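Structural overview
Okay, here's what each chain looks like letter by letter:
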Amino acid sequence: MNLLPRTTEELSSVDYWESFFRKRGEKAFEWYGDYHSLCGVLHKYIKTRDQVLVVGCGNSELSEQLYDVGYRQLTNIDISETVVSHMNQRNAERRPDLTFQVLDATQTGFEDGSYQVVLDKGTLDAMASEKEGVLATNMLTEIARVLAVGGRYVCVTLAQENVVRLGVEFFAKAGWAVRLHCMTKEQDEDSSESTFALPVFVLVCTKFRQPPPFAVLEMCLGEDGAPKRHAAVPEILAAVKDRQTYALLRQKLQKGTDSGSSPALTLCHTATGRPRYTLTVQDSPPSAKVPRLNQFAIFIVPQGRESDWLYGSAEGRVQLAASANFKRLVIASMHRDQEYQDMQAIQSELSPMVMELAPPGMPANQQVPFLSVGGDVGWRQVVGRGVSALTGEYTVEDVRGDGGHLYRRLVFLKNDQLVQSESRLCTHNAKPSAARKKKNKRKANPSASEAPPPNAAPDASSAMAIDHSVLCCSHHEVMVAGMAMLGLNPSGNSDQLISVLLVGLGGGGLAQFLHDFVPSSRVDVVELDPAVLDLAQTWFGFKTSERLNVTLADGLAHITSLQSQGGHAYDVIVFDVDSKDPSLGMSCPPPAFVEKALLEKVFSLLTARGVFMLNLVCRDSSLRQQVMTTVRGVFPRVYSRPIEGEVNDILFCLKEAAAAAAGGQDKEKSKDPKDSTSGGAAVPTAELKKAAKSLQAAMRAHSQGAPSSPHLDIAALLEELRIA
């Protein structure tokens, strides 16, 4: 029997509802839940003494149930004569004071200010389906007229975007207080009528005599949740959408997910509304041999480690889930600017929510283990914040990583799962002053948030510094190893000055390393963002010198300027700059940096032995092929070195192909099986090993007497080199 409309426009049709209720007969139709699921919030805003107008009452039992618990001043209206006649007959004896009238909610004829409450259960949703929302606006105008000062419009709604926007904007513009309750109680899953995956909301709008000087827009979770204030209409609408997204995700997870997808949701602190946990769901593939009892587990990522490859990348999460070997693994990451007491407290906090994400078919009494790394919640301390005019807000934070080492990270909050720059921290012991000793005595028992992390964080007598001898990014290590390619050119002089142009500063780790540990190097850096240079100097120990200079300029314009001026030449030019447009399939570099015209300028700026190094991060295979074709069209020899476990490919583009010929001859002599790639193209292995050994020795000699020395194996880093 067809009881639901074929199109949403039918919901505002008198003929549709006449037909609906004739077919429905005496059986009540409860839109969005019954009295028992709504009574908590209804009793909160409707008093038994209030004059209540129920618009679009239909044959719902809600008014009857309200009447039975003491609400005797209810006036019910509907546009359907059929349902009004039926409801009057049904209640004539048991509820003689409960009245039902055939009236249009847009033109009721009631006096101004004659009601304290207007109750609407699904009527706004039905009216808003009419084009442009004219009928709904007319109804809201009529509701505003018949409500007294201090009166409330209480609307039960699914809060579809067009509906909730219309209602919230209408009353906010009129200067009313607007509050939305997201009802978290589940509907009866056994009912064939519980077809709504979206949560039910209750919109409560209160009429003021004089509009307040600021918008009153609030959101509550459940009937008793603390209200969260929002500054503007778009903000509260976004909060509604977040709750709806979560509900749809739950429905999807109840049916099972594709192991190739990783749906995620963010849980916010109830009181503050700030993000507290991100939950990512990773299912095992159907072919996986999972033990019968391994249905579901929660993995707690140590705070500060959420951007690690194992937890922050799709590939890493698949590997983590395979290692854990559960049917479904929920990976829980903690957010910055939140306090976490211990693992037990986290488990208690997460348990009620994560159980809603259990896989379909899991037994009700199934034990769900919480997994972690060493049972430790991790450690993170935000040491600096700032705002870049180009990139927005950023944070500088110290975290504890593998092996108990401390790291300093730069994170731009527009993409807070990506670490922009990272440096290893080291401890320099210093004798504490008398004042500090006295202060430490008074602070003998630090709180959990102030306590240093076990076996890692500095004590009160220690000062932290950047360890410039450690490159935390694998692609930076490969780029440094690639400097050995300067030795492939027979005309090159290993003792001459090495000039480097680096586009993109970040935290300054790569530039500082080249300056400190690569002998005879002169490094020119081009950085677009002044804020990046400032934070590199302030937080990452970056220092300029006669051999290390920074130019604040657009990298594209700077290269064009150098090429047009003439007289400039570099042995190495490095592009290590990311794209700010997340919609592109290539996150590094921006597309303009790999256009043929610019690459030709780079080519002309290289010395005869020169090498152009490009950090390429591209998930779009066709776009990557276009980039490779362009690069090969400019440079006679291009090598590629993929970064294990990452999308990065480091391209080494030689200005002269003389080394390739030497490498081909050398291949005949060495017969080394590593001298070819899977495609059989030759790589000058022996010559490259010789050059790598020379660079290694030079770096070792250069760092003698220094506080620390790099631990790079140049030859090993170049073993996976191949012809691109």
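Description of the structure in this document. (Residues numbered from 1 in each chain as written. Predicted model: local features only at pLDDT ≥ 70, side-chain atom pairs only at ≥ 80, totals over all residues. Heavy atoms only, no water.)

**Some thoughts on the packing of helix 7 (residues 161-173) against helix 8 (residues 233-254)**
The interhelical angle for the contact between helix 7 and helix 8, taken along N-to-C directions, is 150°, at an axis separation of 11 Å. Our pair here, helix 7 against helix 8, has a crossing hand that is right-handed. Seen from helix 7, the contacting residues are Val164, Arg165, Val168, Glu169 and Ala172; seen from helix 8, they are Val233, Ile236 and Leu237. Here the contact of helix 7 with helix 8 is composed, by residue class, of 6 nonpolar, no polar and 2 charged. (Axes fitted to C-alpha atoms, helices over the stretch in contact; angles between N-to-C directions. Helix = DSSP H or I, 4+ residues; strand = E, 2+ residues; numbered from the N terminus. Left-handed = near helix turned anticlockwise from the far one by under 90°. Contact = heavy atoms within 4.5 Å. Nonpolar A, V, L, I, M, F, W, Y, C, P; charged D, E, K, R; others polar.)

**So, the environment of Phe517**
Mapped onto the elements of the fold, Phe517 is located in helix 14 (residues 509-517). Each C-alpha atom of the pair Phe517 and His702 lies 6.4 Å from the other, and the pair is 185 residues apart in sequence. Phe517 has contacts with His468, Ser469, Met699, His702, Ser703, Ser708, Ser709 and Pro710, leaving out every residue within four places of it along the chain.

**Structural notes on helix 17 (residues 596-605)**
For helix 17, the complete set of buried residues consists of Leu598, Leu599, Val602 and Leu605. Relative to the axis of helix 17, the buried residues are bounded by an arc of 115° and lie together on one face. If you follow the buried residues of helix 17, they end up packed against helix 16 (555-565), strand 23 (570-575), strand 25 (606-618) and helix 18 (621-634). (Buried < 20%, exposed > 50% of the residue type's maximum accessible area, 1.4 Å probe, protein only. Arc of directions from axis to C-beta.)

**Thoughts on unusual backbone geometry**
Put simply, Cys588 and Pro589 share a cis peptide bond, and its omega is -5°. Note on placement: Pro589 falls in the loop between strand 24 (586-588) and helix 17. With phi around 65°, Asp337 is a residue other than glycine that occupies positive phi space. Even without being a glycine, Ser520 presents a positive backbone phi close to 60°. When you line up the elements, Ser520 lands in the loop between helix 14 and strand 21 (521-527).

**Here's the deal with a negative patch on the surface**
Taken together, the side chains of Glu644, Asp713, Glu719 and Glu720 present a region of like negative charge at the surface. Positionally, Glu719 belongs in the loop between helix 21 (714-717) and strand 28 (722-723). (Patch = residues over 30% accessible without salt bridge, like charges linked within 9 Å, V, L, I, M, F, W, Y side chains within 5 Å. Areas by Shrake-Rupley, 256 points an atom, 1.4 Å probe, with all protein chains shown as cover. Salt bridge = Lys/Arg side-chain N within 4 Å of Asp/Glu carboxyl O. Lys, Arg positive; Asp, Glu negative; His and termini not counted. Charge placed at Lys NZ, Arg CZ, Asp CG, Glu CD.)

**Some thoughts on the pairing of strand 10 (residues 264-268)**
The side chains of a regular strand alternate between the sheet's two faces. Burial of strand 10 is one-sided: the residues Leu265 and Leu267 facing one way are buried, the residues Ala264, Thr266 and Cys268 facing the other way are not. Across 5 bridges, the pairing between strand 10 and strand 11 (residues 275-283) is antiparallel. What sits directly across from Cys268, in strand 11, is Pro275. (Pairing = 2+ DSSP bridges.)

**Quick notes on the packing of aromatic side chains**
One pass over the full model with this rule turns up 12 aromatic pairs. Taking the centre distance of 5.5 Å and the plane angle of 35° together, the rings of Tyr153 and Phe171 count as tilted. You can see Tyr153 sitting in strand 5 (residues 147-157) and its partner Phe171 sitting in helix 7, a full 18 residues away along the chain. The exposure classification of Tyr153 matches that of Phe171, with both residues buried. When the ring of Phe612 is compared with that of Phe635, the centres are 5.6 Å apart and the planes differ by 20°; the resulting orientation is stacked. Residue Phe612 is found in strand 25, and its partner Phe635 is found in the loop between helix 18 and strand 26 (637-642); the two are separated by 23 residues along the sequence. (Phe/Tyr/Trp six-rings, centres within 6.5 Å; stacked < 30°, edge-to-face > 60°.)

**Regarding the side chain of Glu306**
On the secondary structure map, Glu306 appears in the loop between strand 12 (296-300) and helix 9 (309-312). When its relative accessible area of 4% is taken as the criterion, Glu306 is described as buried. At 2.9 Å, the side chain of Glu306 forms a polar contact with the side chain of Arg380. Leave out the neighbours within four places in its chain, and Glu306 touches Val301, Tyr311, Gly312, Ser333, Met334, Arg336, Arg380 and Gln417. (Polar contact = N/O pair within 3.5 Å; in protein donor to acceptor, adjacent residues only side chain to side chain.)

**Side note on the nonpolar core**
Among soluble globular proteins, nonpolar side chains are generally buried collectively. Formed by 54 residues in total, the largest nonpolar core has its most connected members in Met483, Met485, Phe652 and Ile714. Leave out the neighbours within four places in its chain, and Met483 touches Ile498, Val500, Leu514, Val518, Val572, Met613 and Leu695. Counting residues in hydrophobic clusters, the runner-up holds 39 residues, among them Leu53, Met127, Ala159 and Phe201. (Core = buried A, V, L, I, M, F, W, Y, C linked by side-chain atoms within 4.5 Å.)

**Overview of empty space enclosed by the protein**
Using the criterion set out here, one finds 2 cavities of 30 Å³ or more in the structure. Contributing to the lining of the second largest cavity are Met479, Val480, Met483, Leu510, Leu514, Val574 and Met613. Put simply, the parts of the chain that give the lining of the second largest cavity at least two residues each are helix 13 (474-481) and helix 14. Its residues assigned to classes, the lining of the second largest cavity comprises 7 nonpolar, no polar and no charged. (1 Å grid on protein atoms, 1.4 Å probe; cavity = no way out; pocket = protein on both sides within 12 Å on 5 of 7 lines; lining within 4 Å. Points joined across faces, edges and corners; volume = space filled by probe spheres on them.)

**Re the pairing of strand 5**
Burial of strand 5 is extensive: 8 of the 11 residues sit out of reach of the surface. As defined by bridge partners, strand 4 (residues 115-121) adjoins strand 5 across 6 bridges and the pair is classed as parallel. Across the sheet, residue Asp120 finds its bridge partner in strand 5, namely Cys155. One ladder, built from 6 bridges, connects strand 5 with strand 7 (residues 200-206); its direction is antiparallel. Across the sheet, residue Cys155 finds its bridge partner in strand 7, namely Leu203.

**Things to note about the sheet that holds strand 10**
Spatially, 5 strands are ordered 10-11-13-12-14 in an open sheet, and the strand pairing comes out mixed. Strands with a single pairing partner mark the edges of an open sheet, and in this sheet they are strand 10 and strand 14 (370-372). Sheet twist, expressed as the average angle between the axes of neighbouring strands with direction ignored, equals 25°. On top of the sheet, helix 11 (residues 343-354) reaches strand 10, strand 11, strand 12, strand 13 (328-334) and strand 14; it is set at about 65° to strand 11, its chief contact.

**Side note on the environment of Gln420**
For Gln420, the position within the fold is in the loop between strand 17 (406-412) and strand 18 (421-429). Taking relative accessible area as the criterion, Gln420 reaches 27% and is therefore assigned partly exposed. Taking the C-alpha atoms as reference, Gln420 lies 7.3 Å from Arg409; in sequence the two are 11 residues apart. Within the structure, the side chain of Gln420 is placed 3.2 Å from the side chain of Asp578, a separation counted as a polar contact.

**Remarks on the packing of helix 16 against helix 17**
Contact pair helix 16 / helix 17: the axes reach a minimum separation of 10 Å and the direction vectors enclose 50°. Between helix 16 and helix 17, the crossing angle belongs to the class labelled oblique. Crossing of helix 16 over helix 17 shows left-handed handedness. Facing Leu556, Ile559, Thr560, Leu562 and Gln563 of helix 16, the residues of helix 17 in contact are Leu598, Lys601, Val602, Ser604 and Leu605. (Parallel < 35°, antiparallel > 145°, perpendicular 65-115°, else oblique.)

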